[in-house]
Structures are given as structure tokens and as C-alpha cells.
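# Per-entry structural report
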Amino acid sequence: MQKTTTRKQPQRKPKPELKWQTGAYERFADFNFILPYPFLLLCRLMGVKPLEVLTDFMDNLSCGSWNREGRDTAKEHLINYFIAHGYGQEHYTEANIRQIFKEMDAVGMLFPRESNGKMVDRYAKWRDKHQTWWFKKWFRKTRRQHL
């Protein structure tokens, strides 16, 4: 009897929710870049992995529902950082950008912490639909210039 080998199929990425979620805006992205040496040294001195710092940065800036406790101050600093860099200000006013972050944070606060898996699944489905609606609302704002 001859053994048959099974090759691992490359995992397929989920289909994008919105048609523009490709290339630089692909949700399931693999990045390969050089970490600035001082950043790497700082992470090593502090005993924190660079991936952890970058993941925390993204989680806090996105105002997600994951690991929210005790992060309000860091979130506010990151929002100020985002605004200080001028990100999006060719499309929105600073007040609009702050409102965008408030709305993102409100969705994250609705996570059903003390619920069963069924409620978490329902929340996740609602959140995904709401975020798509929310994105389209802000993308279509009159001050928004089409890219």
C-alpha cells in the first residue's frame, strides 16, 4: 500500500467587505519592513516585543472592543497624535475627525462583556454591518474629496 501525501492548501483570504479593500487597504495584510533601530532598542530595553507595541497602537487608535480597560488616556494621546500629523485634514475638519473617533469608540464600548458566545456573535455581526454603514456615511460627507 502506497502512502498518499496531502499537501497543505494555502489558506484563502476572506473576500473583502468593500471593493476597495485590496492592495494597500487589504484587511488581511502581511507587512515586511525594517524596524527603526532605536525603536528596536527601546523595545528590548523595556522588555516588550515590537509586535505588541504595534498591535497596541492599532487597537487603541481603532477604539476597538478588545482589551479596553485602562486605555482611555493612551487612546486620547493617539487621537491627538493622529490629528497633529494632519491625517485626513484635507478631507475633514478636526471636529469631524474627533467625532469619527467618538463614534468608533461608542461601538467598541457596546461589546457584551458578560454575555455568552451567542450574544458576542450577534454583536460581531451587527458591528461589522454598522461599521460598513458608518464608513459609507463618513466617506460620502460633502467636504470629502474623492480620491
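Read on for a plain summary of the structure.

Rules used throughout
- Per chain, the residues get numbers from 1 upward, laid out in the order the sequence is written.
- It should be noted that, the model being predicted, local features are given only for residues of pLDDT at least 70 and side-chain atom pairs only at 80 or more, the latter also being counted only at that level, while totals for whole chains, interfaces and linings use all residues.
- Excluding hydrogens and water, the side-chain figures rest on all heavy atoms present in the structure.
- Comment: elements are numbered from the N terminus, with helices defined as DSSP H or I runs of at least four residues and strands as E runs of at least two.
- The buried label goes to any residue with under 20% of its type's maximum accessible area, the exposed label to any with over 50%, and the partly exposed label to all in between, with areas taken from a 1.4 Å probe on protein chains only.
- The length a helix should cover is 1.5 Å for every residue beyond the first.
- Two residues qualify as a contact provided that any one of their heavy atoms is within 4.5 Å of a heavy atom in the partner residue.
- By salt bridge we mean one thing: a side-chain nitrogen of Lys or Arg within 4 Å of a carboxyl oxygen of Asp or Glu.
- Angular values range over 0 to 180 degrees, each being the angle between N-to-C directions of two axes fitted as lines to C-alpha atoms, with helices fitted over their stretch in contact.
- What sets the label is the angle itself: under 35 degrees gives roughly parallel, over 145 gives roughly antiparallel, 65 to 115 gives roughly perpendicular, and the rest give oblique.
- Gly is placed with the polar residues, together with every amino acid not listed as nonpolar (Ala, Val, Leu, Ile, Met, Phe, Trp, Tyr, Cys and Pro) or charged (Asp, Glu, Lys and Arg).
- Side-chain atoms within 4.5 Å link the members of a nonpolar core, which is a set of buried Ala, Val, Leu, Ile, Met, Phe, Trp, Tyr and Cys residues.

With respect to the helices, strands and loops of the structure, Asp105 is situated in helix α4 (residues 94-109). Overall, Asp105 belongs to the buried group, its relative accessible area being 18%.

Let's shift gears to helix α5 (residues 117-139). Spanning 23 residues, α5 covers 33 Å between terminal C-alpha atoms, matching the ideal 33 Å at 1.5 Å per step. Taken residue by residue, α5 has Tyr123, Trp134 and Trp138 as its buried positions. Residues of α5 that are buried in the fold lie against α4.

Moving on: the environment of Asn96. Checked against the element boundaries, Asn96 lands in helix α4. Exposure remark for Asn96: the relative accessible area of 23% places this residue in the partly exposed category. Along the sequence, Asn96 and Lys141 sit 45 residues apart, while their C-alpha atoms lie 10.0 Å from each other.

Next up on the list: the pattern of salt bridges. As enumerated under the stated definition, the model contains 6 salt bridges in all. With a shortest N-O distance of 3.1 Å, Asp128 and Arg127 are connected by a salt bridge. Judged by its relative accessible area of 35%, Asp128 is partly exposed. Taking relative accessible area as the criterion, Arg127 reaches 21% and is therefore assigned partly exposed. The network of salt bridges with common partners includes Asp72, Lys75 and Asp105.

Attention now moves to the packing of α4 against α5. Two elements in contact, α4 and α5, have axes whose closest approach is 11 Å; the angle formed by their N-to-C orientations is 170°. The orientation of α4 relative to α5 falls into the category roughly antiparallel. Of the residues in α5, those in contact with Asn96, Gln99, Ile100, Glu103, Met104, Val107 and Gly108 of α4 are Tyr123, Trp126, Arg127, His130, Gln131, Trp134, Lys137 and Trp138. Looking at side-chain class alone, the contact of α4 with α5 contains 7 nonpolar, 5 polar and 3 charged residues.

In this structure, Leu61, Cys63, Leu78, Ile79, Ile83, Tyr92, Ile97, Ile100, Phe101, Met104, Trp134 and Trp138 together form the largest nonpolar core, which totals 12 residues. Listing elements by their share of this core, those giving two or more residues are α3 (72-84), α4 and α5. With 4 residues, α4 is the largest single contributor of residues to this core. Each residue touching Ile83, except ones within four places of it in the same chain, is listed here: Gln89, Glu94, Ile97 and Arg98.

Turning our eyes to something else, we now look at the packing of helix α2 (residues 50-61) against α3. Each pair of packed helices can be described by the angle between their axes along with the distance between the axes. With their axes 9 Å apart at the nearest point, α2 and α3 run at an angle of 85° to one another. Judged on the interaxial angle alone, α3 and α2 are roughly perpendicular. Between α2 and α3, the contacting residues are Phe57, Asn60 and Leu61 on the first element and Ala74, Lys75, Leu78, Ile79, Tyr81 and Phe82 on the second. Grouping the amino acids of the contact of α2 with α3 by side-chain chemistry returns 7 nonpolar, 1 polar and 1 charged.

Nothing here speaks to function; it is geometry throughout.
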